[in-house]
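Structural description and commentary
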Amino acid sequence: MSSSLKEPIVELNDVGVKYLGAVQALEHITLKITKGDFVGLVGPNGAGKSTLLSVILGVVKPSTGYVRLFGEPISSKNLRKIGFVPQTPYSKETNFPMTVNETVLMGRVPYSLKWPWFTSLDHRKVEDALKRLGIEELRNRKIGELSGGQTHRVFTAKALAGDPEVLIFDEPTSGVDTEATKEFYTVLEKLNQELGITTILSTHDLGVVTQLAKTIICINRTLYFDDLTTRFDASTILSEAYDYPIDLIKHGDHP
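So, a few notes on the structure that sits alongside this text. What you see is a predicted model; the values in this text were computed from it and never measured.

**Some details on unusual backbone geometry**
- If you check the backbone angles, histidine 28 has positive phi at about 55 degrees while not being a glycine.
- Relative to the helices and strands, histidine 28 is located in strand β2 (residues 23-34).
- Phi at aspartate 163 is positive, roughly 55 degrees, even though this residue is not glycine.
- For aspartate 163, the location among the structural elements is in the loop between α5 (148-161) and β7 (166-170).

Here is the structure:
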């Protein structure tokens, strides 16, 4: 939820998703995300967060309602404006032959006129993405040789190389150590602030959400909260969404 004066770039209207076996993954989800926002998506395990992201990405079609991107129905054209970094975006095979530079270059495939030829512009975009993520020195390393934190930076650079207007992250620091996590979120904040890239971050880390996000969306199959972070009463909202009394204890500024 952002200022009503701004046109939404992601809009869901009464979206429901029902899987085979009549499992209701989402129901009655109505929300809008506007340009430049940093959205924290929270909710318990099995709440439908990944399903919601899949709906926005056009991977899962709603059983009810509709989705619009940049004011239009989902299409291959407007999906090119969205970069996605999944929870585990890499192979654990240490001998996987692709290098970091080659991986990031794949972010330019939608713009490549004739595979496998890339232009000088494509290579400049890759160079810029590597620098912004602070991984230039990794360019010739194989993907399978990297740590979890390094790998997430590489796949964020891959998404960034595609000139996205929206970046979506699904638990991007799962299995990553504390220091690397902190550095990664600092990078995301800079991308949002300096480049104006709308960011949607699905995470269980409430401390990150309340520190970085401008807007919080809380779901558990249906929508429990969609508003500014400053209006997020975590104990009340999470108790409702989790259907269990929750008391938040602060450690400094972090819940």
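Right, picking up where we left off after that structure.
**Re the sheet that holds β2**
- Spatially, four strands are ordered β2-β1-β4-β5 in an open sheet, and the strand pairing comes out antiparallel. Each having just a single partner strand, β2 and β5 (72-73) make up the two edges of the open sheet.
- In the sheet, strand β4 (residues 64-69) pairs with β5 via two bridges, with the strands oriented antiparallel. Bridge pairing in β5 places arginine 68 opposite proline 73.
- Relative to the sheet, helix α1 (residues 49-56) contacts β1 (8-19), β2 and β4, its axis offset from that of β1 by approximately 120 degrees.

**Section: the side chain of glutamate 11**
- Looking at where glutamate 11 falls in the secondary structure, it is placed in strand β1.
- Despite being buried, glutamate 11 has no salt bridge partner; lysine 32 is the closest side chain of opposite charge, sitting 4.3 Å away.
- Not counting the four nearest positions on each side in its chain, glutamate 11 is found in contact with Leu31, Lys32, Tyr66, Val67 and Arg68.

**Remarks on the packing of α5 against helix α6 (residues 178-195)**
- Following both chains from N to C, one finds α5 and α6 inclined at 15 degrees, their axes separated by 10 Å at the closest point. Classed by the angle they form, the pair α5 and α6 counts as roughly parallel. Here α5 and α6 pass one another in a crossing that is right-handed. Facing α5, whose interface residues are Gly149, His152, Arg153, Thr156 and Leu160, α6 presents Ala180, Glu183, Phe184, Val187, Leu188, Leu191 and Leu195.
- Of the residues assigned to the contact of α5 with α6, the class counts are seven nonpolar, three polar and two charged.

Procedures and definitions
Residues numbered from 1 in each chain as written. Predicted model: local features only at pLDDT ≥ 70, side-chain atom pairs only at ≥ 80, totals over all residues. Heavy atoms only, no water. Helix = DSSP H or I, 4+ residues; strand = E, 2+ residues; numbered from the N terminus. Pairing = 2+ DSSP bridges. Contact = heavy atoms within 4.5 Å. Axes fitted to C-alpha atoms, helices over the stretch in contact; angles between N-to-C directions. Buried < 20%, exposed > 50% of the residue type's maximum accessible area, 1.4 Å probe, protein only. Lys, Arg positive; Asp, Glu negative; His and termini not counted. Salt bridge = Lys/Arg side-chain N within 4 Å of Asp/Glu carboxyl O. Parallel < 35°, antiparallel > 145°, perpendicular 65-115°, else oblique. Left-handed = near helix turned anticlockwise from the far one by under 90°. Nonpolar A, V, L, I, M, F, W, Y, C, P; charged D, E, K, R; others polar.

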